[in-house]
Amino acid sequence: MADTLTVTDNRTGKTYELPITDGTVRATDLRKIRTGADDFGLTTYDPAFLNTASCRSAITYIDGDQGILEYRGYPIEQLGEQSNFLEVAYLLWFGHLPSQAEYDAWARTITLHTMPHENIKKFMEGFRYDAHPMGVFLSTVGALSTFYPEAKQIGDAELRRIQAIRLIAKVPSIAAYAFRHLKGQPFVYPDNDLSYTGNFLSMLFKMTELKYQPHPVLERALDVLFILHADHEQNCSTSAMRGIGSSQVDPFSALAGAAAALYGPLHGGANEAVLKMLAEIGSVQHVPAFIKKVKAGDGKLMGFGHRVYKSYDPRAKMVKKTADMVFDVTGRNPLTDIALELERIALEDDYFISRKLYPNVDFYSGLIYQAMGFPMEMFTVLFAIPRTAGWISQWEEMLRDPEQKISRPRQVYTGAPRRDYVAIANR
Ligand code: ACO
């Protein structure tokens, strides 16, 4: 059986044979299909990229029907249970699990880059007192490009590695500064004796004590959540990272754009939207009425549905387990019962079953973050920190891919045909 596709153009009666590689045909091969010498050739029309692969990638594998997620071939469940976030960040960037010596050197280097330039602190102080931390986060990440102008040399592999380390190391510090600014509290400098998430908790919650001691259960829970959010192949923000990066801009500027894409309520902003929705529903008794409203087309069940997963999001299962671990320490988030009831009803309802709508990673994560003391505005920032490791690894892969060029989709023009300009007095 030949790996080809035979296409007959009924406009001309001509037949073409197109190669099939890895289950795909090349869109540019369709350009051969033309009605005449001045025809540009056939193009594909795929708004929102429902069925178009934009790259070849060896980083993350998802099987949306089976609910499988793997980073570099390792199942997310094993990584979530046995690894830690810094090791996962190493895995995403380098493609293999580190030896002990490699891990120690990596963790040490990241730790030694956690301190932002002092002017970053001053820059962040300039935001309004109630600035949304995600807006603060994405603008500050963009501003980093002005502190590291050598980051423009994206052809230098060693410089790219250094910017990746800086980003992974500094995003928790920037996120914590954004949080402290919102609270009106002084910024806390990094503590290099603590773990990646332990130090983050210290920068967030340290008050007058000389040394902050993170609760080991909360430190681990946050680390697990970071592992689960580290990468998710060609989602909206990662495509933004690759798209912006394809112009050969520095990684800080590209990452600011990726973070902006994550901010939206249909993407990483969903965890904040879920909590608002749960608070609005208010009690378990109101759940059936809310579901009825959603089914009538009035609003969405936030935290449900996914472009790729058409079964239970494997991350959502793990987040649910992590919630129990956290609630044992913090006490149960009272909104949990509403979430459980929403899930129970939705999973039995034909509207959701027929559309294959299941809880996604954002459905339960906000409940944990709220129980840990985070305000809702911080939820998407907590997503952006680990996703930085994914964004930067995807960016690196794109730059190493000889097939990639500046990203530039085509369009189907639907506007007015050519017409002559009319002077304003004559319109
Ligand atoms: N609640 C109710 N109905 C929904 C939901 C939902 N959460 N999600 C999808 N649907 C319905 C749509 O209305 C549509 O119904 P129709 O066929 O009757 O018109 C059908 O299911 C298919 O939905 P699409 O919008 O075509 O699916 P798409 O792949 O474009 O959207 C998305 C995926 C954006 C995630 C969507 O499911 C959604 O908006 N969910 C809520 C927001 C959310 O939780 N986002 C987080 C995603 S995970 C992440 O980014 C980390």
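Worth saying up front: this structure is predicted, and the values here are computed from it rather than measured.

Thresholds applied
- Residues numbered from 1 in each chain as written.
- Predicted model: local features only at pLDDT ≥ 70, side-chain atom pairs only at ≥ 80, totals over all residues.
- Heavy atoms only, no water.
- Domains from an automatic or database assignment.
- Contact = heavy atoms within 4.5 Å.
- Buried area = accessible area lost by both parts, 1.4 Å probe.
- Salt bridge = Lys/Arg side-chain N within 4 Å of Asp/Glu carboxyl O.
- Polar contact = N/O pair within 3.5 Å; in protein donor to acceptor, adjacent residues only side chain to side chain.
- Helix = DSSP H or I, 4+ residues; strand = E, 2+ residues; numbered from the N terminus.
- Near = heavy atom within 4 Å.
- Areas by Shrake-Rupley, 256 points an atom, 1.4 Å probe, with all protein chains shown as cover.
- 1 Å grid on protein atoms, 1.4 Å probe; cavity = no way out; pocket = protein on both sides within 12 Å on 5 of 7 lines; lining within 4 Å.
- Points joined across faces, edges and corners; volume = space filled by probe spheres on them.
- Nonpolar A, V, L, I, M, F, W, Y, C, P; charged D, E, K, R; others polar.
- Phe/Tyr/Trp six-rings, centres within 6.5 Å; stacked < 30°, edge-to-face > 60°.
- Buried < 20%, exposed > 50% of the residue type's maximum accessible area, 1.4 Å probe, protein only.
- Lys NZ or Arg CZ within 6 Å of the ring centre and 35° of its normal.
- Pairing = 2+ DSSP bridges.
- Axes fitted to C-alpha atoms, helices over the stretch in contact; angles between N-to-C directions.
- Parallel < 35°, antiparallel > 145°, perpendicular 65-115°, else oblique.

(A) Examining the domain arrangement of the protein chain more closely. When its domains are assigned, the protein chain resolves into domain 1 (71-267 + 384-400) and domain 2 (270-371). Each of domain 1 and domain 2 has a C-alpha centre, and the two are 27 Å apart. Contacts between the two partners involve 21 residues from domain 1, matched on the other side by 20 residues from domain 2. Taken together, both faces of the contact between domain 1 and domain 2 bury some 1,700 Å²; the carbon and sulfur share is 70%. Contact with domain 2 buries area across many residues of domain 1, yet Leu225, Leu228 and His232 alone supply 31% of it, more than any other trio. In this assembly, domain 1 and domain 2 are joined by one salt bridge. A salt bridge links Lys321 to Glu81; its shortest N-O distance comes to 3.5 Å. The interface formed by domain 1 and domain 2 includes five residue pairs in polar contact (both at pLDDT 80 or more). Contributions of two or more residues to the side of domain 1 that touches domain 2 are made by helix 1 (76-82) and helix 8 (216-228).

(B) Looking closely at the site of the ligand. Neighbouring residues of the ligand: 19 residues in total, closest His267, Lys300, Leu301, Gly303 and Arg307. Separating an oxygen atom of the ligand from a backbone N or O atom of Gly303 is a distance of 2.8 Å. Separating an oxygen atom of the ligand from a side-chain N or O atom of Asn360 is a distance of 2.9 Å. Here the ligand loses 71% of its free accessible area of 930 Å² to cover by the protein chains.

(C) Focus on the layout of surface pockets. What the second largest pocket holds in volume is close to 200 Å³. As for the second largest pocket, its lining consists of 15 residues, and the residues nearest its centre are Leu86, Tyr103, Ser195, Tyr196 and Thr197. Mapped onto the lining of the second largest pocket, the elements with two or more residues apiece are helix 2 (85-94), helix 3 (100-111), helix 7 (196-205) and helix 8. Looking at which element gives the most residues to the lining of the second largest pocket, the answer is helix 3, with four residues. Broken down by class, the residue content of the lining of the second largest pocket amounts to six nonpolar, five polar and four charged.

(D) Seen up close, the packing of aromatic side chains. Summed over all chains, the structure comprises 20 aromatic pairs. Seen from their ring centres, Phe123 and Phe127 are 5.8 Å apart, and the 90° between their planes marks the pair as edge-to-face. In this structure Phe127 comes out as partly exposed when scored by relative accessible area, which is 23%. Each ring, one from Tyr196 and one from Phe226, has its centre 6.4 Å from the other, and the planes form 75°; the classification is edge-to-face. In this pair, Tyr196 sits in helix 7 while Phe226 sits in helix 8, placing the two residues 30 residues apart along the sequence. On the accessibility criterion, Tyr196 (9% relative accessible area) is buried. Here a set of aromatic residues connected by ring pairs shows up, and it is made of Phe179, Phe205, Tyr369, Phe374 and Phe379. Sitting over the face of the ring of Tyr351, Arg355 holds its NZ or CZ atom 3.8 Å from the ring centroid.

(E) Region of interest: the pairing of strand 1 (residues 4-9). In this sheet, strand 2 (residues 14-19) lies alongside strand 1 in antiparallel orientation, the contact comprising six bridges. Bridged to Val7 within strand 2 is Tyr16. Taking the residues between adjacent antiparallel strands as the criterion, strand 1 and strand 2 are bridged by four residues, where Gly13 takes a positive phi near 80°.

(F) Local environment of the packing of helix 16 (residues 362-371) against helix 17 (residues 379-400). Running from amino to carboxyl end, helix 16 crosses helix 17 at an angle of 110°, the nearest separation of the two axes being 10 Å. In terms of axis orientation, helix 16 runs roughly perpendicular to helix 17. For the pair helix 16 and helix 17, contact is made by Asp362, Gly366, Tyr369 and Gln370 and by Phe379, Leu382 and Phe383, respectively. Per-class residue counts for the contact of helix 16 with helix 17 are four nonpolar, two polar and one charged.

(G) Highlighting empty space enclosed by the protein. Counting across every chain of the model gives one cavity of 30 Å³ or more. Taken as a whole, the largest cavity encloses approximately 50 Å³ of empty space. The wall of the largest cavity is formed by Thr111, Thr114, Ala169, Pro172, Asp191, Asn192, Leu194, Ser195, Tyr196 and Asn199. For the lining of the largest cavity, the secondary-structure elements that each account for two or more residues are helix 6 (157-183) and helix 7.

(H) Highlighting the pattern of salt bridges. Under the criterion given, the structure shown has 22 salt bridges. Among the ionic pairs, Glu150 bridges to Arg166, the shortest N-O distance being 3.0 Å. Placement of Glu150 in the loop between helix 5 (133-147) and helix 6 and of Arg166 in helix 6 is noted, with a sequence separation of 16 residues between them. With a relative accessible area of 13%, Arg166 lands in the buried category. In this structure, Arg161 engages Glu158 in a salt bridge whose closest nitrogen and oxygen atoms are separated by 2.8 Å. Linking Arg161 with Glu158, this pair stays in helix 6, spanning three residues, or about one helical turn. Classification of Arg161 as partly exposed rests on a relative accessible area of 28%. One connected set of salt bridges, linked through shared partners, spans Arg160, Glu396 and Arg400.

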